[in-house]
Amino acid sequence: MASTAENNEPGTGEVQPSKRRRKKSIVWEHFTVEPVGAGCTRACCKRCKQTFAYSTGSKVAGTSHLKRHIALGTCPVIRRREEKNQLTPYFPNSKAITPGSATEPPKRRYRSSMYSPNVIFDQDRCRQEIAEMIIMHEYPLNMVEHPAFVSFVQNLQPRFQMVNFNTVQGDCIAIYLREKQELVKLLMGLPGRINLTLDLWISNQTLGYIFLTGHFIDNDWKLTRRLLNVVMVPSPHSGDALSHAVGVCIGDWGLETRLFTLTIDKEISNDSEIESLRGYLSIKNPLTISGQLLIGHCYARVLTSVAKDLLSSMSDVVCKVRESVKYVLTSQAHEEKFAELKHQLQVPSAKHLSLDDQSFWNTTYLMLIAATELKEVFSCFDTTDPDYKMAPSVDDWKQVETLCVFLKYLYDAANILTGAAYPTANLYFQEVWKIQLELTISAASEDPFISNLTKPSKEKFERYWKDCSLVLATAVVMDPRFKLKLVEFSFTKIYGEEAINYLKIVDDGIHELFSEYLVLPLMLTAGYVEVSEGENKIDGSQTSPKGTPLLTSGDRLLDFDVFISEMSTGQNSKSELDQYLDESLLPRTQEFDILGWWKLNSIKYPTLSRMARDILAITVSTVGPESVFNTSPKNLDPYRSSPA
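Model, not experiment: these values are computed from the prediction.

Conventions used here
- Residues numbered from 1 in each chain as written.
- Predicted model: local features only at pLDDT ≥ 70, side-chain atom pairs only at ≥ 80, totals over all residues.
- Heavy atoms only, no water.
- Helix = DSSP H or I, 4+ residues; strand = E, 2+ residues; numbered from the N terminus.
- Buried < 20%, exposed > 50% of the residue type's maximum accessible area, 1.4 Å probe, protein only.
- Areas by Shrake-Rupley, 256 points an atom, 1.4 Å probe, with all protein chains shown as cover.
- Expected span 1.5 Å × (residues − 1).
- Polar contact = N/O pair within 3.5 Å; in protein donor to acceptor, adjacent residues only side chain to side chain.
- Pairing = 2+ DSSP bridges.
- Axes fitted to C-alpha atoms, helices over the stretch in contact; angles between N-to-C directions.
- Contact = heavy atoms within 4.5 Å.
- Patch = residues over 30% accessible without salt bridge, like charges linked within 9 Å, V, L, I, M, F, W, Y side chains within 5 Å.
- Salt bridge = Lys/Arg side-chain N within 4 Å of Asp/Glu carboxyl O.
- Parallel < 35°, antiparallel > 145°, perpendicular 65-115°, else oblique.
- Nonpolar A, V, L, I, M, F, W, Y, C, P; charged D, E, K, R; others polar.
- Core = buried A, V, L, I, M, F, W, Y, C linked by side-chain atoms within 4.5 Å.
- Phe/Tyr/Trp six-rings, centres within 6.5 Å; stacked < 30°, edge-to-face > 60°.

I'd like a rundown of the overall build of the protein, residues and numbers included.
Across its full length, the protein holds 21 helices and eight strands. Each of the 644 residues in the protein was classed as buried or not, and the buried ones make up 42%. Surface accessibility of the protein: about 35800 Å² in total, with carbon and sulfur atoms responsible for 53%.

Structural data, given as structure tokens:
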């Protein structure tokens, strides 16, 4: 008889059949309760119709005997069903065992599920899964030799022959080579060009590791990024370290004529090396306006640097707030007093206090925001807790509020990089020009506190604006909701009467870039059939004696699209770019799919859409979403930087 803890009924001594509690056990999916007499019920199996004791008067049977009937094959209907498909079970260190024999192992009791899945064991597949797990989660390779992991795997599946360090290393390399081959095919078939970002990591051995990531828009107009190379450089800050890494990447993936832009960061390079890369880029790829699309600043790191400067300039006040928050959160009694006082003061804030992680500046901003909304509670907290003596003053809170205003601009701008989908290049301009405008106005403020707070940040951010505004403006022009109108509007706010000169630079740059795309041959329409090497026919299509692919026999006018496109580019009529710029703006919607729009309009703008494909794939940040707010140097741990 099972204990009352296993029963589905209340643990009281009396049972009221008319008001039974709802049954929760999984067995009631397979049984029904049927009355058989006064105060007596039995559980009936829905499949084989066998009945079992359930309740007699005030006594209620448990469900263990019902579970055994279903889970352990006692039910003849379930047993017949399983015998049709069930594989011979494996028992370690034993020969084949027939049911009912004296050596048959005892049946186990299953509590978590009613049936055991029939899975075919595959040693090779299990090795593959271990290698993929290590790659995906960046586990150390020697974890397969850790005693606890070995014991876990052996208990989970005794038939698995555990792999060692060398074996799993070979499996990981095999996966890498296979994935690299697939990536080579993908890159060679891209309709557009590739944008590279360079990021530097330092190890405790003073070696540098340059991470090169490719960003591109594929055939389905999906923005994609792939880590292409990790190049070790003995002298990470030497004059040719970056050029060497870029050369390795270009040669490794065959990007000699496919490179569009480079994005690096001032922290890992100097002006001479950036100029050297700019010249290298313009020689290797003419479609860069003489290298002007090279980006020498990392968007995320610039925002982080400005945020650090703002926080450092008010470090004493920020420390007061941090210590106040710490005082409340490190004691349950303090938290209760704080919550009670908040209730008494009827402070409407719904925010909760949290301590910051000083290696991520966004946590400090969120801490300050929450504390500011609860400043009234902090100001009165010493009345309920005499030990609290670090309350910020009224002026301190005003300064924190001002600080949070500027941090919010940076926080909103950086959040673009942390979304689930990687952002297209058109999204950056509208955030960056607002920061430039606000810092410019604030630096000239008559309030000495605001002016002193923002002047250093304004000077730092202005350098980024001057170097990158052309790239950012070019990208936002490719957004049919804004085009040149947003550039004109923002430049007027920032430059005043001189805005027309800066607007002309952007306009000339876009037209120059478009003219460079015009000289390239147009892409073939979908009616053309790709012919693989060494083959003369694919899907019924034919090739000419010289190997030139001919059209399929279904539609003899499929080349008409190419003919019209070539004629339109040779005429003196309005160009695709001017036609696009002159058309009305699309309504501003938050969920606008810009890549989907260009995909739909690629027939209308065959040349401009190719240019938009490359521009929208430009990335202005060299760090991943997890490092956008990180203020710490990027160091490889000893294991990953070890030569073994």
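This is not the end of the story, as more comes after the structure.
Hey, could you go over helix α15 (residues 448-477) for me, with residue numbers and the actual values?
Between the first and last C-alpha of α15 there are merely 38 Å, a value that for 30 residues lags more than 12% behind the 44 Å anticipated at 1.5 Å per step. A distance of 2.9 Å separates the backbone nitrogen of Phe449 from a side-chain oxygen at the start of α15, and that oxygen is part of Asp447.

Describe the sheet that holds strand β5 (residues 194-202), listing the residues and the values that go with them.
If you trace the four strands from one edge of the open sheet to the other, you get β7-β6-β5-β8, paired in mixed fashion. Two strands lie at the open edges of the sheet, namely β7 (223-233) and β8 (259-263), each paired on one side alone. Here the average twist between neighbouring strands, direction ignored, is 25 degrees. As defined by bridge partners, β5 adjoins strand β6 (residues 208-217) across eight bridges and the pair is classed as antiparallel. From the neighbouring strand, Leu198 faces β6, where its bridge partner is Leu212. Helix-sheet contacts for helix α5 (residues 165-188) involve β5, β6 and β7, and the interaxial angle to β7 is about 120 degrees.

So what's going on with a nonpolar patch on the surface? Which residues, and what values?
Together, Ile173, Tyr176 and Leu177 give the surface a local cluster of nonpolar side chains, amounting to about 300 Å² of exposed area. Here Tyr176 lies in helix α5.

Account for the pattern of salt bridges, with residues named and values stated.
A complete count under the given rule lists 16 salt bridges for this structure. Salt bridges here are not isolated pairs; linked through shared partners, they connect Asp199, Asp265 and Arg301.

Before we move on, could you go through the packing of helix α9 (residues 315-329) against helix α13 (residues 394-415) and cite the residues and values that matter?
Viewed as axis vectors pointing N to C, α9 and α13 meet at an angle of 105 degrees, and their least axial separation amounts to 10 Å. In terms of orientation, α9 lies roughly perpendicular with respect to α13. Residues Val317, Val318, Lys320 and Val321 of α9 form the contact with α13, whose participating residues are Asp396, Trp397, Gln399, Val400 and Leu403. Class assignment for the residues of the contact of α9 with α13 results in six nonpolar, one polar and two charged.

Break down the nonpolar core for me, citing the residues and quoting the values.
Ranked by internal contacts, the top residues of the largest apolar core, which has 99 residues, are Tyr299, Leu368, Phe378, Leu407, Phe429, Val487 and Trp598. Sequence-distant contacts of Leu368, that is, excluding residues within four places in its chain, are made with Leu311, Val318, Val321, Val400, Leu403, Cys404 and Leu407. Counting residues in each nonpolar core, the second largest holds 28 residues, with Val231, Val246, Leu259 and Leu262 among its members.

Tell me about helix α11 (residues 361-373), and please be specific about residues and values.
Taking 1.5 Å of rise per residue, 13 residues should cover 18 Å, and α11 covers 19 Å from first to last C-alpha, within 8% of that figure. Structurally, α11 contributes buried residues whose contacts are with α8 (299-313), α9, α12 (375-384) and α13.

How would you sum up the sheet that holds strand β4 (residues 59-60)? Please name residues and give values.
The antiparallel open sheet is built from four strands, whose spatial order is β1-β2-β3-β4. Two strands in the sheet have a free side with no partner beyond their single neighbour: β1 (31-37) and β4. The pairing of strand β3 (residues 51-56) with β4 spans two bridges and is classified as antiparallel. Within β4, the residue paired with Thr56 across the bridge is Lys59. Set on the sheet, helix α1 (residues 64-71) makes contact with β1, β2 (40-45) and β3; between it and β3 the angle comes to about 165 degrees.

Could you give an account of the pairing of β5, with specific residues and numbers?
With seven of nine residues buried, β5 lies mostly within the body of the structure. Linking β5 to β6, which pair antiparallel, is a turn of five residues; within it Thr206 sits at a positive phi near 60 degrees.

Kindly report on the side chain of Thr454, identifying the contributing residues and their values.
Summarising the element assignment, Thr454 is placed in helix α15. Polar contacts involving the side chain of Thr454 include one to the main-chain carbonyl oxygen of Ser442, which spans 3.4 Å.

Kindly report on the packing of aromatic side chains, identifying the contributing residues and their values.
In this structure the tally under the stated criterion is 29 aromatic pairs. Judged by centre distance (5.8 Å) and plane angle (90 degrees), the ring pair of Trp433 and Phe489 falls under edge-to-face. Linking Trp433 in helix α14 (residues 429-443) with Phe489 in helix α16 (residues 483-495), this pair joins segments that are 56 residues apart in sequence. Residue Trp433 is classed as buried on the basis of its relative accessible area of 8%. With centroids separated by 3.8 Å and ring planes inclined at 10 degrees, the aromatic side chains of Tyr495 and Tyr502 adopt a geometry described as stacked. We classify Tyr502 as partly exposed; its relative accessible area is 33%.

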